[in-house]
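What follows is the residue order along each chain.
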Amino acid sequence: MTPRVPRQYSQSLGTGDFRFFSCLGSCSRGWGGVSCPESPNGRTTFKISWVWCGRGSLARAGILLAGVDRLAAKIGRGHAPWSSPLSLAREITREVYTNAGSTKATCRSSALLVIPQYHSQLRLIMKKPRAAVGNRSGRRKQASSQEGKEKCAFGSSQAKPSAPSAGPARQQKALLQASVSPYHLFRDVAEVTAFQESLLGWYDQKKRDLPWRRLVEGEVDLDRRAYAVWVSEVMLQQTQVATVINYYTRWMQKWPTLQDLASASLEEVNQLWAGLGYYSRGRWLQEGARKVVEELGGHMPRTAETLQQFLPGVGRYTAGAIASIAFGQAAGVVDGNVIRVLCRVRAIGADPGSTLVSQHLWSLAQQLVDPARPGDFNQAAMELGAIVCTPQRPLCSHCPVQSLCRARQRVEREQLSASQSLPGSCDVEECEPWDQTLGVTNFPRKASRKPPREECSAICVLEQPKALGGARILLVQRPNSGLLAGLWEFPSVSVNAEASGQHQREALQQELQSWVGPLPDMRLHHLGQVVHTFSHIKMTYQVYGQVLEEHTPVTIVPPGARWLTREDFHTAAVSTAMKKVFRMYEGQQPGTCKGSKRSQVATLSKRKKSSPGQQVLESFFRPHVPTDAPSLNTAAQ
């Protein structure tokens, strides 16, 4: 017996609409629509579009609409009782409820999944009874297989069936075949033109005065223009503009052309790049410059495609930026700022890191880029995301495209509903969770990030205060590949986080002796720990110090090691983590000021500031340290 459609939804069924709600719990809901776009050659074609939002895996969206497969089976048997989209919609609703009721027990809530903006389309072709009989076997074969269910739920009935599969790869493939709702697109050319004109007009008045923009605007030589853009775009990856300005200025002063950079050594590049992070970027720049000079005759590739093809480390975004800004190619770009702007302007609530959404964003960027001013348009879109459409506290009142922003329109509707005490309404295209307090920052959805893996290292600052020419410290060079490739650091060994202090000292002593030879009576002093997070690693350094006071100065070291003065250390190619370690070491030396808060022991740096009363109590109970207590230097003697 076919169950009755719930009253509240049977009343809401408009022409060609079907809805389902609470099939798998209070957080599962969906909407759909049926249209009859064409009737060629005596056939009636129904086009079914559906949206599902709820908790569970992608497969459960297919379970909700598996009833549609039964409708396809009816067509295959020649049953075609639907005279209009409305009658088919009502039948779909009943089938969905029938199927959900029978599978409810096996569909439990799990991770949150929101796919409100992507419609899977299914064309059900109804033939006359005589024509339907001829195709009966094929339809029946489709309906009898598990593959047919997925096919009807996600894809087109025109697709060829394949081997049954319910794995994530199959689900992802099915999702990629989905089409994008017009709600997340620009309606027509007029709307695109309005967006371009508003954004470029704002950019002409509000753009920031940045050194790479001045350099590009005044440069006639295309290769030098492209080089200037290339350096700036690589430096700006994962790095704030304020930090990049000084590095970029020094870089272009030292290597103003591709030929200058190609002739530089990796040591020089690492030395200038030190502190900027993501050190492989500098290495890729130098390798790319050498390739242009040695293999391409000193001329940069002229299109986004060839830039990405020939230059190492240049991806789709960097290639598009160089091609549009330096060469005027109408190539769209998508970076973090552009993602934020597009997701809000078109109310895209799905994970922008997913393949499908990323493809859609690139398509939007290409559609919007102004062919007359592609470089300015791309910079304007990035500028808008950087200074107006910011991750937190966006300045919507200053936005030049606020009239076209669907996220802003959503906020205004929610505010109007709240002021009139109306129950919140959820449009078919807006069924993702909405937090009133976030406003437009509901978009884009924050992707869940995998936490960095934790590692531990014992590291030692070894100093010769009586070396010829002044006190010197030992540095060794890292391998040419991997993390911090080619940079210099203090001797260190990887240790287990649970390893005892004695074990750490023994491992460090062996490492030090491999560089400088036997050191009798070595007593390493533990100074504290420094925590530094790289892009994917949270590294805890157990910092030790050793001063060679009575030993004969060591002057000969094997390749890959060197003794540097403290002044040379600050200009060497060392990472920010090593500078933190050295600040802790300096803070333990007599006659030197204590390091900044960042150089203190990690556990102390995380401690909240005490109230005035608590500070008085802490100072009263703090143990008294005699002024003649041995320092690190005297303890080593």
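First things first, this report covers the structure right here in the doc. This one's a predicted model, so the numbers in the text were calculated from it and none came from an experiment. (Residues numbered from 1 in each chain as written. Predicted model: local features only at pLDDT ≥ 70, side-chain atom pairs only at ≥ 80, totals over all residues. Heavy atoms only, no water.)

**Brief notes about the overall build of the chain**
In step 1: The secondary structure content of the chain amounts to 27 helices and twelve strands.
In step 2: A burial count over the chain gives 47% of its 637 residues as buried.
In step 3: When the accessible surface of the chain is split by element, carbon and sulfur atoms take 52% of a total near 32100 Å². (Helix = DSSP H or I, 4+ residues; strand = E, 2+ residues; numbered from the N terminus. Buried < 20%, exposed > 50% of the residue type's maximum accessible area, 1.4 Å probe, protein only. Areas by Shrake-Rupley, 256 points an atom, 1.4 Å probe, with all protein chains shown as cover.)

**So, the environment of Thr-303**
In step 1: Positionally, Thr-303 belongs in the loop between helix H15 (280-295) and helix H16 (304-310).
In step 2: Judged by relative accessible area, which is 29%, Thr-303 ranks as partly exposed.
In step 3: Contacts of Thr-303, omitting those with residues within four sequence positions, involve Ala-323 and Gln-329.
In step 4: At 2.7 Å, the side chain of Thr-303 forms a polar contact with the side chain of Thr-306. (Contact = heavy atoms within 4.5 Å. Polar contact = N/O pair within 3.5 Å; in protein donor to acceptor, adjacent residues only side chain to side chain.)

**Quick notes on empty space enclosed by the protein**
In step 1: Counting across every chain of the model gives four cavities of 30 Å³ or more.
In step 2: Together, 15 residues line the largest cavity, and Arg-344, Cys-389, Cys-396, Cys-399 and Cys-405 are the ones closest to its centre.
In step 3: Its residues placed into classes, the lining of the largest cavity shows twelve nonpolar, one polar and two charged.
In step 4: Space inside the second largest cavity adds up to approximately 80 Å³.
In step 5: Considering the residues around the second largest cavity, the lining is formed by Phe-195, Gly-332, Val-333, Val-338, Val-341, Leu-342, Ala-365, Leu-368, Phe-377, Asn-378 and Ala-381.
In step 6: Counting only elements with at least two residues in the lining of the second largest cavity, the list comes to helix H18 (336-345), helix H19 (355-368) and helix H20 (374-387).
In step 7: Looking at the lining of the second largest cavity residue by residue, the classes come out as nine nonpolar, two polar and no charged. (1 Å grid on protein atoms, 1.4 Å probe; cavity = no way out; pocket = protein on both sides within 12 Å on 5 of 7 lines; lining within 4 Å. Points joined across faces, edges and corners; volume = space filled by probe spheres on them. Nonpolar A, V, L, I, M, F, W, Y, C, P; charged D, E, K, R; others polar.)

**So, the pattern of salt bridges**
In step 1: Summed over the entire model, instances satisfying the criterion amount to 17 salt bridges.
In step 2: Its salt-bridge partner being Arg-187, residue Glu-191 comes within 3.6 Å of it at the nearest N-O pair.
In step 3: A relative accessible area of 6% means that Glu-191 is categorised as buried.
In step 4: By relative accessible area, Arg-187 is classed as exposed at 63%. (Salt bridge = Lys/Arg side-chain N within 4 Å of Asp/Glu carboxyl O.)

**Structural notes on the packing of helix H11 (residues 222-236) against H15**
When two helices pack together, their arrangement is given by the angle between the helix axes and the distance between those axes.
In step 1: Axis separation between H11 and H15 bottoms out at 10 Å; the angle between their running directions is 160 degrees. One finds that H11 runs roughly antiparallel with respect to H15. Where H11 crosses over H15, the handedness of that crossing is right-handed. Residues Trp-230, Val-231, Val-234 and Met-235 of H11 pack against Arg-281, Leu-285, Gly-288 and Ala-289 of H15.
In step 2: Looking at side-chain class alone, the contact of H11 with H15 contains six nonpolar, one polar and one charged residues. (Axes fitted to C-alpha atoms, helices over the stretch in contact; angles between N-to-C directions. Parallel < 35°, antiparallel > 145°, perpendicular 65-115°, else oblique. Left-handed = near helix turned anticlockwise from the far one by under 90°.)

**Focus on the packing of aromatic side chains**
In step 1: In this structure the tally under the stated criterion is nine aromatic pairs.
In step 2: Ring geometry for Phe-186 versus Phe-195: centroids 5.6 Å apart, planes at 70 degrees, classification edge-to-face. Taken individually, Phe-186 and Phe-195 each receive the classification buried, so the pair is uniform in this respect.
In step 3: Summarising the aromatic geometry, the rings of Trp-251 and Trp-273 are spaced 5.7 Å apart at their centres and angled 80 degrees between planes, so their arrangement reads as edge-to-face. Placement of Trp-251 in helix H12 (residues 241-254) and of Trp-273 in helix H14 (residues 266-273) is noted, with a sequence separation of 22 residues between them.
In step 4: A connected cluster of aromatic rings, assembled from ring pairs, spans Phe-490, Phe-569, Phe-582 and Tyr-585. (Phe/Tyr/Trp six-rings, centres within 6.5 Å; stacked < 30°, edge-to-face > 60°.)

**Quick look at H14**
Along an α-helix, residues three or four apart share an orientation, since each turn contains 3.6 residues.
In step 1: When H14 is considered as a whole, its buried residues turn out to be Val-269, Asn-270, Leu-272 and Trp-273. Down the axis of H14, the sector holding all buried residues measures 165 degrees, keeping them to one side.
In step 2: The inward-facing, buried residues of H14 abut H11, H12, helix H13 (258-262) and H15.
In step 3: Where H14 terminates, the next one or two residues include Gly-275, which has phi positive at roughly 95 degrees. (Arc of directions from axis to C-beta.)

**A short note on the nonpolar core**
In step 1: Ranked by size, the top nonpolar core spans 68 residues in total, and within it Tyr-227, Trp-230, Met-235, Trp-251, Met-300, Phe-490 and Tyr-541 carry the most contacts.
In step 2: Tallying contributions element by element places H11 first for this core, with eight residues.
In step 3: Apart from the residues lying within four places of it in its own chain, the contact partners of Tyr-227 are Trp-251, Met-252, Trp-255, Pro-256, Thr-257, Leu-258 and Leu-261.
In step 4: Residues Val-333, Cys-343, Val-357 and Leu-368 belong to the second largest nonpolar core, which totals 35 residues. (Core = buried A, V, L, I, M, F, W, Y, C linked by side-chain atoms within 4.5 Å.)

**A closer look at the pairing of strand S10 (residues 525-533)**
Two faces, one strand: in a regular strand the side chains alternate between the faces of the sheet.
In step 1: Summarising the sheet, S10 and strand S11 (residues 537-547) pair through eight bridges and their orientation is antiparallel. Its bridge partner lying in S11, His-532 is registered against Met-539.
In step 2: Hairpin geometry of S10 and S11 is characterised by an intervening segment of three residues between the two adjacent antiparallel strands. (Pairing = 2+ DSSP bridges.)

**Thoughts on the side chain of Thr-565**
In step 1: By secondary structure assignment, the location of Thr-565 is in the loop between strand S12 (561-564) and helix H23 (566-571).
In step 2: Of the polar contacts made by the side chain of Thr-565, one reaches the backbone nitrogen of Asp-568; its length is 3.1 Å.
In step 3: Apart from residues no more than four positions distant in its own chain, Thr-565 is found in contact with Ala-471 and Arg-472.

**Thoughts on the side chain of Glu-383**
In step 1: Locating Glu-383 in the fold gives a position in helix H20.
In step 2: Glu-383 has contacts with Trp-202, Tyr-203, Lys-206, Lys-207, Arg-208, Arg-213 and Val-388, leaving out every residue within four places of it along the chain.

**Observations concerning the environment of Gln-286**
In step 1: With respect to the secondary-structure elements, Gln-286 resides in helix H15.
In step 2: The class of Gln-286 is buried, set by a relative accessible area of 4%.
In step 3: Note: C-alpha distance between Gln-286 and Ala-262 (24 residues apart in sequence) is 6.0 Å.
In step 4: Setting aside anything within four residues of it in sequence, one finds Gln-286 in contact with Leu-261, Ala-264, Ser-265, Leu-266 and Val-269.

**So, the pairing of S11**
In step 1: By the criterion of burial, S11 is predominantly enclosed, with ten of the eleven residues buried.
In step 2: Of the strand pairs in this sheet, strand S6 (residues 453-464) and S11 are connected by eleven bridges, and their pairing is parallel. Bridge pairing in S11 links Ile-459 to Val-543.

**A short note on H12**
In step 1: The first and last C-alpha atoms of H12 sit 20 Å apart over 14 residues, in line with the 20 Å expected at 1.5 Å per residue.
In step 2: All of the buried residues in H12 are Val-244, Tyr-247, Tyr-248, Trp-251 and Met-252.
In step 3: Buried residues belonging to H12 abut helix H10 (211-217), H11, H13, H14 and H15. (Expected span 1.5 Å × (residues − 1).)

**Some remarks on the environment of Ala-577**
In step 1: Looking at the element boundaries, Ala-577 is found in helix H24 (residues 576-587).
In step 2: The class of Ala-577 is buried, set by a relative accessible area of 1%.
In step 3: As a C-alpha pair, Ala-577 and Glu-489 span 88 residues in sequence and 9.0 Å in three-dimensional space.
In step 4: Once residues within four sequence positions are removed from consideration, Ala-577 is found in contact with His-532, Phe-534 and Tyr-541.

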